[in-house]
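Each chain, written out:
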Amino acid sequence: MPLVVHNLNNSRAQRVLWLLEELGVPYEVKHHQRNRSLQAPPELKAIHPLGKSPVVEDQGRVLAETGAIVEYILDTYANGRLRPPAPTLGEQTDNILTEAEDGPEETRLRAEGVG
Ligand SMILES: N[C@@H](CCC(=O)N[C@@H](CS)C(=O)NCC(=O)O)C(=O)O
């Protein structure tokens with residue numbers, strides 16, 4: 001059975017579909033429609049307790065969280081493709097410092113209604 005992507009309309013499940021297309025991995029899509037409040041329908045909760053999209057089913061596993069799904073697909077199917085080389089220590093440090101600055105600033109902007 002091919003990998004199954006639970007796709008909610010207008011959601012970040014598109015990132016997973018894009019990745020699968022790029023890698024040429026066979027998959028099946030199960031479509032779910034947002035309700036009037038733009039929430040996911042309850043049937044997604046029956047698949048994964050978070051009840052959000054994307055959710056992927058593959059080889060007996062049920063995976064949620066886009067980033068974790070992307071990592072799983074790259075580890076399982078990419079054979080080294082589409083993954084940048086491991087960052088140097090300096091690049092990692094820059095990343096952490098930039099992110100650390102971004103977090104509180106984003107929170108402040110959101111609190112002020114401009115984020
Ligand atoms: N952190 C999760 C967020 C999942 C998420 O919030 N998905 C949205 C669509 S992009 C969703 O299912 N919204 C409907 C709802 O929350 O009911 C991820 O990155 O996969």
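Since the model is a prediction, treat every value here as computed from it, not as a measurement.

Moving on to the overall build of the chain. Along its length, the chain carries 4 helices and 4 strands. Helices (α) and strands (β) of the chain occur, in sequence order from the N terminus, as β-α-β-α-β-β-α-α. By principal-axis analysis of the C-alpha atoms, the chain measures approximately 45 × 40 × 20 Å. Across the 115 residues that make up the chain, the buried fraction comes to 15%.

The next point concerns the pairing of strand β4 (residues 61-64). Note that strand β3 (residues 55-58) and β4 share 4 bridges and pair antiparallel. Bridged to D58 within β4 is R61.

A word on the sheet that holds β3. In spatial order, the strands read β2-β1-β3-β4; together these 4 strands make up an open sheet with mixed pairing. On the outer flanks of this sheet lie β2 (27-32) and β4, each paired with one strand and no other. Between one strand axis and the next, the sheet turns by 20° as a mean value, whatever way the strands run. Contacts from helix α1 (residues 13-23) reach β1 (3-8), β2 and β3, with the element oriented near 145° to β1.

So, about α1. Along α1, the residues classified as buried are A13, V16 and L19. Projected down its long axis, α1 shows its buried positions confined to an angular sector of 120°, all on one face. In α1, the exposed positions that point more than 90 degrees away from the buried face belong to W18, E21 and E22. The elements touched by buried residues of α1 are β1, β3 and α3 (66-78).

This part covers the domain arrangement of the chain. Per the domain assignment, the segments of the chain are domain 1 (3-78) and domain 2 (85-115). Placing a centre on the C-alpha atoms of domain 1 and another on those of domain 2 gives a separation of 27 Å.

The pairing of β1 with β2 spans 6 bridges and is parallel. In the strand pairing of β2, N7 is matched with H31.

Bringing the site of the ligand into the picture now. Around the ligand lies a shell formed by L8, S11, R12, Q39, A40, K52, S53, P54, E65 and T66. Its residues placed into classes, the shell around the ligand shows 3 nonpolar, 4 polar and 3 charged.

Definitions and cut-offs
- Residues numbered from 1 in each chain as written.
- Predicted model: local features only at pLDDT ≥ 70, side-chain atom pairs only at ≥ 80, totals over all residues.
- Helix = DSSP H or I, 4+ residues; strand = E, 2+ residues; numbered from the N terminus.
- Buried ≥ 20, exposed ≤ 12 C-beta atoms within 10 Å, placed from the backbone.
- Pairing = 2+ DSSP bridges.
- Axes fitted to C-alpha atoms, helices over the stretch in contact; angles between N-to-C directions.
- Contact = placed C-beta atoms within 7 Å.
- Arc of directions from axis to C-beta.
- Domains from an automatic or database assignment.
- Near = placed C-beta within 6 Å.
- Nonpolar A, V, L, I, M, F, W, Y, C, P; charged D, E, K, R; others polar.

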